[in-house]
Amino acid sequence: MTKYNQKGFALVLSLVLLLAMSLMGGALIVIASSDHQSNNSSDEYQQTFYVAETALMQAQKSLINKMLGPINVGTGNRNYDTRTPPRNQSAAGDNLLDQDSPCYRSFRNLSREDTFRGVEHVKEQSFFELIAPVFLDGAAGLALDATIDDPDALQAEQDSIRRFYYEFFSVNSGTSSFKGSGVSLKKTSATSQKMGTAYKIYGCGMMGDPENDPDNPEIIVPLETLIVLSN
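Residues numbered from 1 in each chain as written. Predicted model: local features only at pLDDT ≥ 70, side-chain atom pairs only at ≥ 80, totals over all residues. Heavy atoms only, no water.

**Let's talk about the overall build of the chain**
Convention followed: Only DSSP runs of H or I reaching four residues or more are called helices, and only runs of E reaching two or more are called strands; each is numbered from the N terminus. The contact definition used throughout considers only heavy atoms, calling two residues in contact when any of these lie within 4.5 Å. All accessible-area figures derive from a Shrake-Rupley calculation using a 1.4 Å probe, and residue coverage is judged against the displayed protein chains alone.
Within the chain, the regular secondary structure consists of 4 helices and 6 strands. Along the chain direction, N to C, the helices and strands of the chain fall in the order α-α-β-α-β-β-α-β-β-β. Restricting the contact set of the chain to residue pairs at least 6 apart, pairs at least 24 apart contribute 66%. When the accessible surface of the chain is totalled, it reaches about 15400 Å², and 54% of it is carbon and sulfur.

And the structure:
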């Protein structure tokens, strides 16, 4: 009768199973880490998109203030004496469009000629400073970090928001007609038609290091829109 020596078989089998389980565990860790990083990137891109929308709204607000006059902070009324239709800068050396800015470069369809001018170009605007009042307790006049249960988490959120900034510029595109008057949400063919001035607005949301390296954002989202204004 032939007898087989099976001493040590259990040890070898255990090592093989341990190796297989280690490989599976390592693969799961890599997959989980990749998913977490992907989710973070998606969240950062989404936030940058919202900042880009904010840039368009700020550009539109700036044009309206120029067209109708700025709002007096104390009274809440507009100063109609200083209103003037926003026009493209025409004097030599008055080109306010920085064609080397990351936002301008992200629009491939824009002219690269020195004669291409715009109304204004606002750069390196802090998104955190724009929404800073959100972090204040309006009722008590205290900073939220003085009343919140986890001030460290609040500070981390503020530091994260400080990475986002925006840029916008606008171009006067000439006269244009539009329909609509009053505040009615329903527009019909009978609605009065007027002539106004069309403005092309370009805005970018960016994420990176706005204090030390604003010209090289990690994420940039460019958006554009067209509005028509009339006195």
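**Here's the deal with the state of the cysteines**
Between two cysteines, a covalent bond joining their sulfur atoms is known as a disulfide. Let me state the cut-off plainly: The definition used for a disulfide is geometric: two cysteine sulfur atoms within 2.5 Å. A simple rule labels every residue: compare its accessible area, found with a 1.4 Å probe on the protein chains alone, to the largest value its type can have, and call it buried under 20%, exposed over 50%, or partly exposed in between.
All chains considered together, the criterion is met by 1 disulfide. C103 shares a disulfide with C204; S-S distance 2.1 Å. A torsion of 85 degrees about the S-S bond marks the disulfide between C103 and C204 as right-handed. Highlighted residues: C103 in helix 2 (residues 102–105) and C204 in strand 5 (residues 193–207), separated in sequence by 101 residues. Here C204 falls in the buried class, since its relative accessible area comes to 0%.

**Points about the packing of aromatic side chains**
In plain terms, the rule: Put simply, two rings from Phe, Tyr or Trp (the six-membered ring, in Trp's case) pair if the centres are within 6.5 Å, and we call them stacked under 30 degrees between planes, edge-to-face over 60, tilted for the rest. Think of it as a cone above the ring: NZ of Lys or CZ of Arg counts as a charge over the ring if it is within 6 Å of the ring centre and within 35 degrees of the ring normal.
In total, this model carries 5 aromatic pairs according to the counting rule given. Relative to F169, the ring of F107 lies with its centre 6.1 Å away and its plane at 90 degrees, an arrangement referred to as edge-to-face. One end of the pair, F107, is in the loop between helix 2 and strand 1 (120–126); the other, F169, is in strand 4 (residues 164–179), and 62 residues separate them in sequence. Here the two residues F107 and F169 agree in accessibility, since each one is buried. When the ring of F107 is compared with that of Y202, the centres are 5.0 Å apart and the planes differ by 75 degrees; the resulting orientation is edge-to-face. Here the residue F107 occupies a position in the loop between helix 2 and strand 1, and Y202 occupies one in strand 5, the gap between them amounting to 95 residues. Comparing F107 with Y202, the two get one shared label, buried. An aromatic cluster is defined as three or more aromatic residues linked by ring pairs; in this entry it consists of Y104, F107, F169 and Y202. Positioned over the ring face of F128 is R162, at 4.0 Å from the centre of the ring.

**What about the side chain of S101?**
Note the cut-off: By the criterion applied in these results, polar contacts are pairs of N or O atoms within 3.5 Å in which, for protein atoms, one can donate a hydrogen and the other can accept it, and in which residues neighboring in sequence qualify only through two side-chain atoms.
By the element assignment, S101 lies in the loop between helix 1 (9–68) and helix 2. A polar atom in the side chain of S101 sits 3.1 Å from the backbone oxygen of D98. For S101, the residues in contact, after removing those within four places along its chain, are H121, K123 and E167.

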